[in-house]
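Residue-level listing of the chains:
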Amino acid sequence: QVQLVESGGGLVQPGGSLRLSCATSGSIVSINIGGWYRQAPGKQREWVATITRGGSTAYADSVKGRFTISRDDGKKTVYLQMNSLKPKDTAVYYCKLGARRDFTSGYEDFWGQGTQVTVTS
């Protein structure tokens, strides 16, 4: 059973920082693409950032320059460093990993359970 375990969410004041982690549990041999998404109350889930196996990154315009996605393949973990947080960043943040269970199988998409980020004064 493969699970993604997210951590690092919480309550922070505007201008503050948080670092989200998305770790894998279970049998995963490699991660292809890692991504973060978020869903605010009453809104659809939206894409936030992506990192490829080669380390190339892409960001939604709303977070560009403030958020940084990274990965540690040895730990099979993807991170999202969030700086200069704003109230509009308040949402449940989900990680999504394209990963494979063994070297004979293809890549599958796995989702985390979500972690709440609340930005308020």
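Thresholds applied
Throughout, residues of each chain are indexed from 1 in the direction in which the sequence is written. Given that this is a predicted model, residues contribute local features only at a pLDDT of at least 70 and side-chain atom pairs are listed and counted only at 80 or more, while totals for whole chains, interfaces and linings are drawn from all residues. The basis for every side-chain value is the complete set of heavy atoms in the structure, and neither hydrogens nor water enter the calculation. Under the DSSP-based scheme used, a helix requires at least four consecutive residues in state H or I and a strand at least two consecutive residues in state E, with every element numbered from the N terminus. We call two N or O atoms a polar contact when they sit within 3.5 Å, provided that within protein one can donate a hydrogen and the other can accept it, with sequence-adjacent residues counted only if both atoms are side-chain atoms. Here, residues are in contact when the closest pair of their heavy atoms is within 4.5 Å. A strand pair is defined by DSSP finding two or more bridges across the two strands. Only the stretch in contact is used when fitting a helix axis, every axis being a line fitted to C-alpha atoms; angles between N-to-C directions are given from 0 to 180 degrees. Salt bridges are identified by distance alone: a Lys or Arg side-chain nitrogen within 4 Å of an Asp or Glu carboxyl oxygen. Burial here depends on accessible area, computed with a 1.4 Å probe over protein chains only, as a share of the maximum for the residue type. Under 20% is buried, over 50% is exposed, and the range in between is partly exposed.

Novice: Would you mind going over the side chain of T24 with me for this structure?
Specialist: On the secondary structure map, T24 appears in strand β3 (residues 18–25). There is a polar contact of 3.3 Å between the side chain of T24 and the backbone oxygen of K76. In this structure T24 touches Q3, L4, I31, K76 and L97, once residues within four positions along its chain are discounted.

Novice: What exactly am I supposed to notice about the sheet that holds strand β7 (residues 67–72) here?
Specialist: To summarise the sheet geometry, strands pair through backbone hydrogen bonds and adopt either a parallel or an antiparallel arrangement. Strand order in the open sheet formed by four strands is β1-β3-β8-β7, with antiparallel pairing between adjacent strands. Two strands lie at the open edges of the sheet, namely β1 (3–7) and β7, each paired on one side alone. Ignoring strand direction, the axes of neighbouring strands in this sheet form an average angle of 15 degrees. Of the pairings in the sheet, the one linking β3 to strand β8 (residues 77–82) comprises six bridges and is antiparallel in character. Paired with C22 across the strands is V78, a residue of β8.

Novice: I'm lost on the pattern of salt bridges in this one. Help?
Specialist: It is possible for side chains bearing opposite charge to pair when their charged atoms get close. What the rule picks out here adds up to seven salt bridges. When the shortest N-O distance is used, the salt bridge between D61 and K64 registers 3.1 Å. D61 gets classed as exposed once you look at its relative accessible area, which sits at 66%. E108 serves as the salt-bridge partner of R101, at 2.8 Å between the closest nitrogen and oxygen. R101 sits in the partly exposed class, given a relative accessible area of 32%. Several salt bridges share partner residues, and in doing so they unite R38, E46, R66 and D89 into one network.

Novice: Explain the environment of S17 to me, please; I cannot follow it from the model alone.
Specialist: Along the chain, the position of S17 falls in the loop between β2 (10–12) and β3. Note on S17: relative accessible area 39%, which makes it partly exposed. The spatial distance from the C-alpha of S17 to the C-alpha of N83 is 4.4 Å, given a sequence separation of 66 residues. Not counting chain neighbours up to four residues away, the residues in contact with S17 comprise V12, Q81, M82, N83, S84 and L85. At 2.9 Å, the side chain of S17 forms a polar contact with the side chain of N83.

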